[in-house]
Amino acid sequence: MSTVLITGANRGLGLEFAAQYAGDGWQVIASCRSPEKAESLKRLAGENGQVKIVQIDVSDHASVDACAAQLFGQPVDVLVNNAGIASNDFAHQMLGGFDFENWENILRTNTLGPMKVSEAFLPNVKASAQKKITVVSSTVGSLTDMNEYPVYPYATSKAALNKGMRMMAEQLRNDGVSVLCLCPGHAKTDMGMMAEGASVEVTDAVLGMRNEISNLTMATSGSFRRYNGETISW
Ligand SMILES: NC(=O)c1ccc[n+]([C@@H]2O[C@H](COP(=O)([O-])OP(=O)(O)OC[C@H]3O[C@@H](n4cnc5c(N)ncnc54)[C@H](OP(=O)(O)O)[C@@H]3O)[C@@H](O)[C@H]2O)c1
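Definitions and limits used
- Residues numbered from 1 in each chain as written.
- Predicted model: local features only at pLDDT ≥ 70, side-chain atom pairs only at ≥ 80, totals over all residues.
- Heavy atoms only, no water.
- Near = heavy atom within 4 Å.
- Polar contact = N/O pair within 3.5 Å; in protein donor to acceptor, adjacent residues only side chain to side chain.
- Areas by Shrake-Rupley, 256 points an atom, 1.4 Å probe, with all protein chains shown as cover.
- Helix = DSSP H or I, 4+ residues; strand = E, 2+ residues; numbered from the N terminus.
- Nonpolar A, V, L, I, M, F, W, Y, C, P; charged D, E, K, R; others polar.
- Buried < 20%, exposed > 50% of the residue type's maximum accessible area, 1.4 Å probe, protein only.
- Contact = heavy atoms within 4.5 Å.

Q: Before we move on, could you go through the site of the ligand and cite the residues and values that matter?
A: The local shell around the ligand holds 28 residues, among which Asn 10, Arg 11, Arg 33, Tyr 154 and Thr 189 are the closest. Here an oxygen atom of the ligand and a side-chain polar atom of Thr 189 are 2.5 Å apart. Relative to its unbound accessible area of 890 Å², the ligand is 93% covered by the protein chains. When contributions to the shell around the ligand are tallied by element, the ones reaching two or more residues are helix H1 (12-23) and helix H6 (152-171). For the shell around the ligand, a count of residues per class yields 10 nonpolar, 13 polar and five charged.

Below is the structure:
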């Protein structure tokens, strides 16, 4: 049985990843920062014995290390770095109103979080059959695909994440570990609804991203793909 480890699995895209992988018979290690409050996830785990809930706050490296120690020796076929934050305080994310404390918090979660989680669980990924590391990034992090969402903290956090994952893809090539950056489209989650125009159903976003993960090979490692199969330019 294949195993997936998901961060931020208590709601939004992460919860849908957990539900879909569990529905397809995968063993799901669903991490979230407050398991005691994760009602929807607990319901899913109650319905499906293959879902195990663990605690990870991606911005708290001690919690990442503690979970990695707990899962020592457990192969992880697919790591889904999904946890992320944005802010609906748009004024403080735009030139002229920067809130640098908030910016640091977004970088700590969206950039350093997935880098830390990927490093901590690399032995688990290497010990698996599929050996895949993925991140839910965003087209907003593209340097060439400029769009109408001029929020510097979120955009730079995803751009830096993309660079880190692109480097990891090259470094891990000889180990047979493949790496993929994904964009879910503008999906109808709590985060997606902060900005106008969310049009992608959560189910479709996750179905599409899972399809991209399934099709990922060493030949396509280090690519940046939208949920609908399009390649995104860096
Ligand atoms: N929705 C979109 O349109 C869209 C577009 C592009 C990219 N994305 C990316 O997709 C990913 C998932 O977003 P979403 O739309 O599902 O957002 P969401 O509904 O707001 O869910 C975010 C998830 O991340 C978790 N999280 C936040 N900070 C965390 C931390 N420090 N440690 C662990 N978990 C943490 C949240 O947990 P709590 O419940 O504890 O807060 C929640 O489970 C994010 O990386 C986001 O940047 C989303």
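There is more to say, and it comes next.
Q: With reference to specific residues and values, describe the environment of Asp 57.
A: Its place among the elements puts Asp 57 in the loop between strand E3 (51-55) and helix H3 (61-70). We classify Asp 57 as buried; its relative accessible area is 19%. Distance in space between the C-alpha atoms of Asp 57 and Asp 175 is 28 Å, their sequence separation being 118 residues. What Asp 57 contacts, discounting residues up to four positions off in sequence, is Arg 33, Ser 63 and Val 64. Looking at Asp 57, its side chain comes within polar contact range of the side chain of Ser 59, at 2.7 Å.

Q: Go over the side chain of Asn 81 with me, naming the residues and quoting the values.
A: Note on placement: Asn 81 falls in strand E4 (residues 78-81). Apart from the residues lying within four places of it in its own chain, the contact partners of Asn 81 are Thr 7, Pro 114, Val 117, Ser 118, Ile 133, Thr 134, Val 135 and Val 136.

Q: Let's hear about the side chain of Ser 128: which residues, and what values?
A: Secondary-structure assignment places Ser 128 in the loop between helix H5 (122-126) and strand E5 (132-136). Here Val 76 takes part through its backbone oxygen, which lies 3.1 Å from a polar atom of the side chain of Ser 128. If sequence neighbours within four positions are ignored, Ser 128 has contacts with Pro 75, Val 76 and Asp 77.

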